[in-house]
Amino acid sequence: MSVFGKSVTAVVAGVALVVAVGLGAASAQEPWVAPPEAKNLKNPVKGIGNAKTIVETNCVTCHGPGGKGDGPAAAALPPPKPADWTSDKVAKETDGEIFWKITNGRGAMPPWKHLPEKERWELVNYIRTLQKKK
Ligand code: HEC
């Protein structure tokens, strides 16, 4: 029985290690930079469509209602923390870069490829409205 107990402990330790390594890889500390070809993508969409609702459903838990990166889930996440959409850093990025990041995600930030392209551009436009309100 004690042998069995040991192997269970070993398996649990092994799983914990895999999870820890996985999280380490996901929370890369380097600044998140979109590839150069994303930078020049032209935003073909005007207006925000349903973006406000999409954000309230899918993004505010991490990014906060005003997009400042202060959603209720943010405190529990390891760095890098959810981006502050109203920061100068994000404001200076092109629509294409923000679109690319929403599409691909990184670490705790999920990819949103499954949303139609038009909706992803509307999310970019909605983020711009929050930057203006700042
Ligand atoms: C589970 C938490 C979580 C959810 C949900 C989430 N994000 Fe994020 N988001 C993050 C984290 C963490 C980062 C920072 C990632 C990094 O720097 O590696 C991030 C970064 C971003 C960035 C990059 C900002 C920049 O230009 O550098 C954008 C844009 C963004 N999120 C948009 C969204 C949108 C739009 C949604 C909803 C459709 C969303 N996020 C949902 C956690 C989340």
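Here the structure is a predicted model, which is why all the values come from computation and not from measurement.

Trainee: Would you mind going over the overall build of the protein chain with me for this structure?
Mentor: Within the protein chain, the regular secondary structure consists of seven helices and zero strands. When the helices and strands of the protein chain are placed in sequence order, the string is α-α-α-α-α-α-α. Out of the 134 residues belonging to the protein chain, those deemed buried represent 34%. Across the protein chain, contacts joining residues at least 24 apart in sequence account for 60% of those joining residues at least 6 apart. Approximately 8,400 Å² of the protein chain is accessible, and the part contributed by carbon and sulfur atoms is 67%.

Trainee: In this structure, what is going on with the coordination of the iron atom of the ligand? I would like to understand it.
Mentor: Perfect tetrahedral coordination of a metal by four donors corresponds to 109.5 degrees between them, and perfect octahedral coordination by six donors corresponds to 90 or 180 degrees. Protein-derived ligands of the iron atom of the ligand are H63 (NE2) and M109 (SD), with the metal-ligand distances lying across 2.0 to 2.2 Å. Taken together, the six donor atoms coordinating the iron atom of the ligand and their angles of 88 to 178° define a geometry best described as octahedral. With H63 in helix α4 (residues 60-63) and M109 in the loop between α6 (95-104) and α7 (117-133), the pair connects residues that are 46 residues apart, well separated along the chain. Its relative accessible area of 9% is what places H63 among the buried residues.

Trainee: What is the right way to read the environment of T61 from this model?
Mentor: Assignment of secondary structure puts T61 in helix α4. Residue classification places T61 among the partly exposed positions, given a relative accessible area of 42%. With 21 residues separating them in the primary sequence, T61 and P82 have C-alpha atoms 9.8 Å apart. Apart from the residues within four sequence positions on either side, T61 is in contact with G71, P72, A73 and A74.

Trainee: Could you clarify how one ought to interpret the site of the ligand in this entry?
Mentor: Neighbouring residues of the ligand: 21 residues in total, closest C59, C62, H63, E93 and M109. Contact between the ligand and K89: an oxygen atom at 3.1 Å from a side-chain N or O atom of the residue. Between an oxygen atom of the ligand and a side-chain N or O atom of R106, the distance comes to 2.6 Å. Looking at the shell around the ligand, the elements that each hand over two or more residues are α4, α5 (88-92) and α6. If you tally residues by element for the shell around the ligand, the top one is α6, at three residues.

Trainee: Any chance you could explain the packing of aromatic side chains here in plain terms?
Mentor: To describe a pair of aromatic rings, you give the distance between the ring centres and the angle between the ring planes. Evaluation of the coordinates by the stated rule reveals one aromatic pair. Ring centres of F99 and W121 lie 3.9 Å apart, and the angle between their planes is 10°; on these two criteria the pair is classed as stacked. One end of the pair, F99, is in helix α6; the other, W121, is in helix α7, with 22 residues separating them in the sequence. Classification of W121 as buried rests on a relative accessible area of 3%.

Trainee: How do you make sense of α6 when you look at a structure like this?
Mentor: Since one α-helical turn is 3.6 residues long, residues separated by three or four positions face the same way. Across the 10 residues that make up α6, a large majority, seven, are buried. Against the buried residues of α6 lie α2 (36-39), α5 and α7.

Trainee: Would you explain the packing of helix α3 (residues 51-58) against α7 in this entry?
Mentor: Angle between the axes and distance between the axes are the two parameters that describe a pair of packed helices. Closest axis-to-axis distance for the α3/α7 pair is 9 Å, and the angle between their directions is 90°. Relative to α7, the element α3 lies roughly perpendicular. When α3 is examined against α7, the residues A51, K52, I54 and V55 are found in contact with a partner set consisting of E119, E122, L123 and Y126.

Parameters and conventions
- Residues numbered from 1 in each chain as written.
- Predicted model: local features only at pLDDT ≥ 70, side-chain atom pairs only at ≥ 80, totals over all residues.
- Heavy atoms only, no water.
- Helix = DSSP H or I, 4+ residues; strand = E, 2+ residues; numbered from the N terminus.
- Buried < 20%, exposed > 50% of the residue type's maximum accessible area, 1.4 Å probe, protein only.
- Contact = heavy atoms within 4.5 Å.
- Areas by Shrake-Rupley, 256 points an atom, 1.4 Å probe, with all protein chains shown as cover.
- Donors = N, O, S within 2.8 Å, 3.2 Å for Na, K, Ca; no water.
- Tetrahedral: all angles 85-135°; square planar, octahedral: opposite > 155°, others 65-115°.
- Near = heavy atom within 4 Å.
- Polar contact = N/O pair within 3.5 Å; in protein donor to acceptor, adjacent residues only side chain to side chain.
- Phe/Tyr/Trp six-rings, centres within 6.5 Å; stacked < 30°, edge-to-face > 60°.
- Axes fitted to C-alpha atoms, helices over the stretch in contact; angles between N-to-C directions.
- Parallel < 35°, antiparallel > 145°, perpendicular 65-115°, else oblique.

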